[in-house]
Amino acid sequence: MDVVGHLGPLWDGLLVTLQLTILSFVGALFLGVVLAVMRISPILPLRALAGVYVEVVRNVPLLVLLVIFVFGLPEIGIIYSLFFTVVTAMALYGAAFVCETVRTGVATVSVNEAEAARALGMTTSQTIWYVILPRSLRAMIQPLGNVFISIALSSSLAAAVGVSELTGKTDMINLEYADAGLTLLISGALYIGITLSGGLFFGWLERRLAVGQ
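The text that follows walks through the structure, step by step, so that each part is easy to find. Because the structure is predicted, anything quoted here is derived from the model rather than measured. (Residues numbered from 1 in each chain as written. Predicted model: local features only at pLDDT ≥ 70, side-chain atom pairs only at ≥ 80, totals over all residues. Heavy atoms only, no water.)

### Notes on the environment of Ala91
Turning to step 1, where the next piece is worked out: Looking at where Ala91 falls in the secondary structure, it is placed in helix α4 (residues 82-106).
Turning to step 2, where the next piece is worked out: Sequence separation between Ala91 and Gly32 is 59 residues, and the spatial gap between their C-alpha atoms is 9.0 Å.
Turning to step 3, where the next piece is worked out: Contact partners of Ala91, with chain neighbours within four places excluded, come to Ser24, Gly27 and Ala28. (Helix = DSSP H or I, 4+ residues; strand = E, 2+ residues; numbered from the N terminus. Contact = heavy atoms within 4.5 Å.)

This is how it looks when you write it as structure tokens:
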């Protein structure tokens, strides 16, 4: 098999994988922080709603969620691009894990700091957004890095619902040329590159925050 001749499709697949990973992680980060704020909110319905969401989503396999979104949403009239359907499902899935990461990080902040903020006249929401979350950020960095890596690896499941990302392109080449060995090695090396790069970035970010504190 002419592997060099197929580096183009593998590169295209890698770019789609990176797009899936980054967009899904950003979406998961945003929604996860909102859910975490709901979980530590003094308002019981918000805490209950966020808690139910986290428990349900964490106990549903991502592939099942992808199938529901890709094949179920059109049945009820919700239709948009396959790529962004997958991004949405992965972001919603990752948000449950981001939520728990943020909630654990918040627990590292001293109660005295929150009480001091309230003594200064801050509301509960102001205390959460301007005191608790910034102070707990460093404790969240490495766990958030793990969520990023998990999303990157889980993006390979997108091939099962028709997205031509790295795994999908690899399968296509293997089916056409019936020679999986070297192509799979290259694909695996690219996934390792993504995860190692993510780990290095979050490690660097954690050190930067440590210096700033």
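Back to the text.
### Remarks on helix α3 (residues 62-72)
Turning to step 1, where the next piece is worked out: Among all positions in α3, only Leu62, Leu65, Leu66, Phe69 and Val70 are buried. Down the axis of α3, the sector holding all buried residues measures 120°, keeping them to one side.
Turning to step 2, where the next piece is worked out: Next to the buried residues of α3 lie α4 and α6 (124-154). (Buried < 20%, exposed > 50% of the residue type's maximum accessible area, 1.4 Å probe, protein only. Arc of directions from axis to C-beta.)

### Section: the environment of Tyr191
Turning to step 1, where the next piece is worked out: Within the secondary structure, Tyr191 is located in helix α8 (residues 180-212).
Turning to step 2, where the next piece is worked out: According to the relative accessible area criterion, Tyr191 is buried, its value standing at 11%.
Turning to step 3, where the next piece is worked out: For Tyr191, the contacting residues outside a window of four places in its chain are Thr17, Ala152, Leu153, Ser155, Ser156, Glu165, Leu166 and Thr167.

### Things to note about the pattern of salt bridges
Where side chains of opposite charge bring their charged atoms close, a pairing between them can arise.
Turning to step 1, where the next piece is worked out: Inspection of the entire model under this criterion finds three salt bridges.
Turning to step 2, where the next piece is worked out: Two residues, Arg39 and Glu100, come together in a salt bridge whose shortest N-O distance is 2.7 Å. Residue Arg39 is located in helix α1 (residues 7-39), and its partner Glu100 is located in helix α4; the two are separated by 61 residues in the primary sequence. Residues Arg39 and Glu100 agree in their burial class; the two are buried.
Turning to step 3, where the next piece is worked out: A salt bridge links Glu100 to Arg103; its shortest N-O distance comes to 2.8 Å. One end of the pair, Glu100, and the other, Arg103, are both in helix α4, three residues apart, so they sit about a helical turn from each other. (Salt bridge = Lys/Arg side-chain N within 4 Å of Asp/Glu carboxyl O.)

### Topic: the packing of aromatic side chains
Turning to step 1, where the next piece is worked out: Applying the stated rule across the entire model yields seven aromatic pairs.
Turning to step 2, where the next piece is worked out: Here Phe25 and Phe148 contribute two aromatic rings whose centre-to-centre distance is 5.4 Å and whose plane-to-plane angle is 85°, an arrangement assigned as edge-to-face. One end of the pair, Phe25, is in helix α1; the other, Phe148, is in helix α6, with 123 residues separating them in the sequence. Note on accessibility: Phe25 and Phe148 belong to one class, buried.
Turning to step 3, where the next piece is worked out: Note on Phe201 and Phe202: the rings are 5.4 Å apart at their centroids and 80° apart in plane angle, and the pair reads as edge-to-face.
Turning to step 4, where the next piece is worked out: Chaining the aromatic ring pairs together yields one cluster made of Phe25, Phe148, Phe201, Phe202 and Trp204. (Phe/Tyr/Trp six-rings, centres within 6.5 Å; stacked < 30°, edge-to-face > 60°.)

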